[in-house]
Amino acid sequence: MTEPVIEAEGLGIRFSANRRRRRGLRELLLGAGRGPGAEGAFWPVRDVSFRIRRGECVGIVGKNGTGKSTLLKLIAGVLIPDEGRVAVRGRVAPLLELRAGFNGRLTGRENIYLVGSLHGMSRQDIDERFDEIVDFADLRESYIDMPVRHYSSGMKVRLGFALVAQLEHPVLLVDEVLAVGDQEFREKCYGTVERMLADGRTMVLVSHSEADLRRFCTRGLYLRDGGLALDTGIDTALRAYEQDRAAEEQERGEPSEPGGTAAGGADRRARRLGGPESADAPAAERGGDRGRREPGDGGRAA
Ligand SMILES: Nc1ncnc2c1ncn2[C@@H]1O[C@H](COP(=O)(O)OP(=O)(O)OP(=O)(O)O)[C@@H](O)[C@H]1O
């Protein structure tokens, strides 16, 4: 068996719910309030283990606030785990917060060179791809030498995506960015992701769009209450999530919204899930036309 490209073992991170609370001198000197449970500490992700092989596309599913983005940031190395470990073999192209890397005082052109070099592109690489980046981002020529602070948020996201689309990194971490822009731009993004997957790259996708998850992923990690409830085919993961959501709504006496949510999107209300521990469908279920890849550890009830 080939070595996994991404491997997480007992992964966990602890956040403080009251991170803005200022501690008094006595607390600081005595260290009071530190340690587990201090200042409302909680574990959005804990004891999560999985392996992802080259060429797999894995979706992370779960209601709002279950740690999907946190898990992606742990894989990206943006967050450091408090427990366990995560290893990624190969360079990572993070499509997390596409606007975040830009400096508002620099022009679009300067930002392309700055952010491109931060992603490891050489000046020559960027020179060669500059026009393609600007074309992809659909930026009018007059804007490219204007400070990015004058760009709309859509323009910044388009420029961010256009830049990342040029990276040849083998691992893609995608958080919601496929939902940006108008229909035409989204189609370009889909085309780019499909091309990257066809190249044999590995992708982990967090999305509130069930359609996007089904379109790209063969495998789903279902996060529930900060832990990995299921590691299975994407359809089974989505169905398990849906069942839990429906069971919870029934418990609360609310009408169920069939197909209304995907991965937490329409689930903004903080609700406690209480559903089956495993899905009823075949473990390594494949979705319709997505016959490209085999789920890695597909079917394992975590
Ligand atoms: N830096 C932070 N410090 C403290 N708490 C945080 C931090 N980042 C996220 N959280 C909290 O951790 C939990 C998990 O957040 P995360 O963004 O990973 O969830 P999510 O599943 O991606 O949610 P959504 O579907 O709404 O995007 C949430 O309760 C969130 O409020």
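Residues numbered from 1 in each chain as written. Predicted model: local features only at pLDDT ≥ 70, side-chain atom pairs only at ≥ 80, totals over all residues. Heavy atoms only, no water.

Just so we agree on the cut-off: UniProt positions are given in the numbering used here, feature names are shortened, and annotations may be inferred rather than shown by experiment.
Per an unreviewed UniProt entry, the protein chain is named Sugar ABC transporter, and its organism is Streptomonospora alba. As its UniProt record puts it under Sequence similarities (unreviewed entry), the protein chain is described as follows: "Belongs to the ABC transporter superfamily."

**Comments concerning the overall build of the protein chain**
Which entries qualify depends on this criterion: Put simply, DSSP H or I for four residues or longer makes a helix, DSSP E for two residues or longer makes a strand, and each gets a number counted from the N terminus. Partly exposed describes any residue whose relative accessible area lies between the buried limit of under 20% and the exposed limit of over 50%, with all areas from a 1.4 Å probe on protein chains only and scaled to the type maximum. Contact definition: two residues touch when any of their heavy atoms are within 4.5 Å. Where accessible areas are quoted, they stem from the Shrake-Rupley method and a 1.4 Å probe; at the residue level, only the protein chains shown are allowed to cover.
Check the secondary structure of the protein chain and you find 9 helices and 9 strands. Expressed as a percentage of its 302 residues, the buried residues of the protein chain come to 48%. Long-range contacts, defined as pairs at least 24 residues apart, comprise 73% of the intrachain contacts of the protein chain with a sequence gap of at least 6. Of the roughly 14600 Å² of accessible surface on the protein chain, a fraction of 48% belongs to carbon and sulfur atoms.

**Let's talk about helix H6 (residues 153-164)**
Stated precisely, the cut-off is as follows: By definition here, a helix of n residues has an expected span of 1.5 Å times n minus one.
Here H6 is 12 residues long and its end C-alpha atoms lie 17 Å apart, about the 16 Å a rise of 1.5 Å per residue gives. Of all 12 residues in H6, 9 are buried, a share of seventy percent or more. Listing the buried residues of H6 in full gives Met155, Val157, Arg158, Leu159, Gly160, Phe161, Ala162, Leu163 and Val164. Residues of H6 that are buried sit in contact with strand S5 (92-95), helix H3 (108-118), helix H4 (123-137), helix H5 (141-144) and helix H7 (183-198).

**Things to note about the sheet that holds S5**
Test applied: Strands pair, by our definition, only if DSSP identifies at least two bridges between them. As a rule, the C-alpha atoms of each element are fitted with a line to give its axis, helices using only the stretch in contact, and angles between N-to-C directions run from 0 to 180 degrees.
Sheet architecture is open: 6 strands sit in the order S5-S6-S7-S3-S8-S9, paired in mixed fashion. Two strands close off the open sheet at either side, each with one partner strand: S5 and strand S9 (227-233). Neighbour-to-neighbour, the strand axes of this sheet turn through a mean angle of 15 degrees, independent of strand direction. As paired strands, strand S3 (residues 57-61) and strand S8 (residues 219-224) are joined by 4 bridges and run parallel to one another. Residue valine 61 lies in a different strand from S8, and its bridge partner there is tyrosine 222.

**Quick word on the site of the ligand**
Put simply, the test is: Think of it this way: one heavy atom of a residue within 4 Å of a molecule or strand is enough to make that residue near it. Definition of a polar contact: a pair of N or O atoms within 3.5 Å, with one able to donate and the other able to accept a hydrogen when the atoms are protein atoms, and with sequence-neighbouring residues admitted only if both atoms are side-chain atoms. Polar here means any residue other than Ala, Val, Leu, Ile, Met, Phe, Trp, Tyr, Cys and Pro, which are nonpolar, and Asp, Glu, Lys and Arg, which are charged; Gly is therefore polar.
Around the ligand, the structure places 15 residues, and the nearest of them are Asn64, Gly65, Lys68, Ser69 and Thr70. Within the backbone of glycine 65, an N or O atom sits 2.9 Å from an oxygen atom of the ligand. Here threonine 66 contributes a backbone N or O atom positioned 3.1 Å from an oxygen atom of the ligand. In the complex, 67% of the free accessible area of the ligand, which totals 640 Å², lies under the protein chains. Top element by residues in the shell around the ligand is helix H2 (residues 68-76). It accounts for 3 residues. Looking at the shell around the ligand residue by residue, the class counts come to 3 nonpolar, 8 polar and 4 charged.

**Some thoughts on the pairing of strand S7 (residues 202-206)**
With 5 of 5 residues buried, S7 is to be regarded as a mostly interior element. What you see with S7 is no split at all: Thr202, Val204 and Val206 on one side and Met203 and Leu205 on the other are buried throughout. Across 4 bridges, S3 lies against S7 in parallel orientation. Bridge pairing links isoleucine 60 to valine 206 in S7.

**Remarks on the sheet that holds strand S1 (residues 6-16)**
Strand order in this open sheet of 3 strands is S2-S1-S4, and the pairing throughout is antiparallel. For this open sheet the edge positions go to strand S2 (41-52) and strand S4 (83-88), each flanked by a neighbour on one side alone. Between one strand axis and the next, the sheet turns by 30 degrees as a mean value, whatever way the strands run. Direction of pairing for S1 relative to S2: antiparallel, over a ladder of 7 bridges. Note that in S2 the partner of glutamate 7 across the bridge is arginine 51. Running over the sheet, H2 touches S1, S2 and S4 and is turned about 60 degrees from S2.

**Remarks on the nonpolar core**
Defined as follows: Definition used in this section: a nonpolar core is a set of buried Ala, Val, Leu, Ile, Met, Phe, Trp, Tyr and Cys residues joined via side-chain atoms within 4.5 Å. Just so you know, the domain bounds were taken from an automatic or database domain assignment.
Counting residues in each nonpolar core, the largest one holds 52 residues, and the members touching the most others are Ile112, Phe161, Leu178, Met203 and Phe216. Among the elements that line this core, the one with the most residues is H6, at 7 residues. Of the domains in this structure, domain 1 (1-16 + 42-90 + 173-249) and domain 2 (103-169) are the two that each give at least three residues to this core. Listed in part, the 24 residues of the second largest apolar core include Ile52, Leu71, Leu96 and Val204.

**Thoughts on unusual backbone geometry**
Even without being glycine, aspartate 47 reaches a positive phi, approximately 55 degrees. Residue position: aspartate 47 is located in strand S2. Looking at aspartate 47, the relative accessible area reads 57%, which means it is exposed. Non-glycine residue aspartate 225 carries a positive phi angle of around 50 degrees. Along the chain, aspartate 225 turns up in the loop between S8 and S9.

**Concerning H4**
Quick reminder of the rule: Bending is quantified residue by residue as the angle between axes fitted to the seven-residue window ending at that residue and the seven-residue window starting at it.
In a regular helix each residue adds 1.5 Å, so 15 residues correspond to 21 Å; H4 covers 19 Å between its end C-alpha atoms and thus fits that length. The largest bend along H4 reaches roughly 55 degrees and is located at arginine 129. Among the residues of H4, Ile126, Arg129, Phe130, Ile133, Val134, Phe136 and Ala137 are the ones counted as buried. Elements that come into contact with the buried residues of H4 comprise H3, H5, H6 and H7. Backbone geometry just downstream of H4 places aspartate 138 in the positive-phi region, at approximately 60 degrees.

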